[in-house]
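Residues per chain are reported as follows:
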Amino acid sequence: MFLFLQRLVPPPDATPYIGDFIVDNIPSVRDVRISEEKGQLYFVVNGSHRFYLTYKGQNSFELLSPEESPCLTTFILGINHEVLYFDSFSNGTSSGFTFYGIHPNGFARFRRK
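Okay, so let's go over this structure. Since the model is a prediction, treat every value here as computed from it, not as a measurement.

Next up on the list: the environment of R112. Residue placement: R112 occurs in strand β10 (residues 107-112). Owing to a relative accessible area of 24%, R112 belongs among the partly exposed residues under this scheme. Within the local environment of R112, its side chain forms a polar contact with the backbone oxygen of S94, the two atoms lying 2.6 Å apart.

The structure is reproduced here in structure tokens:
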């Protein structure tokens, strides 16, 4: 677990990314909350499935499934190692993000609630 956590990179400033987001076209995902705890960003799906976000640069993050996460959860949600690209900031926050690999058409757009 320690080696896994060492690979996680926080963004220079997490504030623009934190918040609640929704998507309309993914049946297994109703909503997403991006939160920060002790400098680490988390991607929480439907209020219960928590994944790590590691900063890749230029408003992009890789989503990582925790090592202790059940394989079935990761499989059903269809997410692990996908990349999220956040929109440019307006008034200090991003209005949403594009999530590649989560939808059959190749991507899905999430927007702030």
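Following the sequence through the fold, D31 ends up in strand β2 (residues 31-37). For the pair D31 and F21, spaced 10 residues apart in sequence, the C-alpha separation works out to 5.9 Å. Contacts of D31, omitting those with residues within four sequence positions, involve F21, I22, V44, V45, N46, G47 and K113.

Attention now goes to the pairing of strand β3 (residues 40-45). Within a regular strand, the side chains alternate between the two sheet faces. Most of β3 sits out of view: 6 of its 6 residues are buried. Burial along β3 is two-sided: the residues Q40, Y42 and V44 and L41, F43 and V45 are all buried. Bridge count between β2 and β3: 6 bridges; the pairing is antiparallel. Each bridged residue has a counterpart across the sheet, and for S35 the counterpart in β3 is Y42. Once β2 ends, the chain turns through 2 residues before running back antiparallel as β3, passing K38 with a positive phi of about 50 degrees. As paired strands, β3 and strand β4 (residues 49-57) are joined by 5 bridges and run antiparallel to one another. Residue pairing for β4: V44 is matched across the bridge by R50. The hairpin turn running from β3 into β4, its antiparallel successor, is 3 residues long, and N46 in that turn takes a positive phi close to 55 degrees.

With that out of the way, let us pick up the pattern of salt bridges. Between side chains of opposite charge, pairing is possible as soon as their charged atoms come close. Counted by the stated rule, this structure contains 5 salt bridges. Between D24 and R111 there is a salt bridge, and its shortest N-O distance comes to 3.1 Å. Residue D24 is located in the loop between β1 (19-22) and β2, and its partner R111 is located in strand β10; the two are separated by 87 residues in the primary sequence. Between K56 and E62 there is a salt bridge; the shortest N-O distance is 3.4 Å.

Procedures and definitions
Residues numbered from 1 in each chain as written. Predicted model: local features only at pLDDT ≥ 70, side-chain atom pairs only at ≥ 80, totals over all residues. Heavy atoms only, no water. Helix = DSSP H or I, 4+ residues; strand = E, 2+ residues; numbered from the N terminus. Buried < 20%, exposed > 50% of the residue type's maximum accessible area, 1.4 Å probe, protein only. Polar contact = N/O pair within 3.5 Å; in protein donor to acceptor, adjacent residues only side chain to side chain. Contact = heavy atoms within 4.5 Å. Pairing = 2+ DSSP bridges. Salt bridge = Lys/Arg side-chain N within 4 Å of Asp/Glu carboxyl O.

These values are about where atoms sit, not about what they do.
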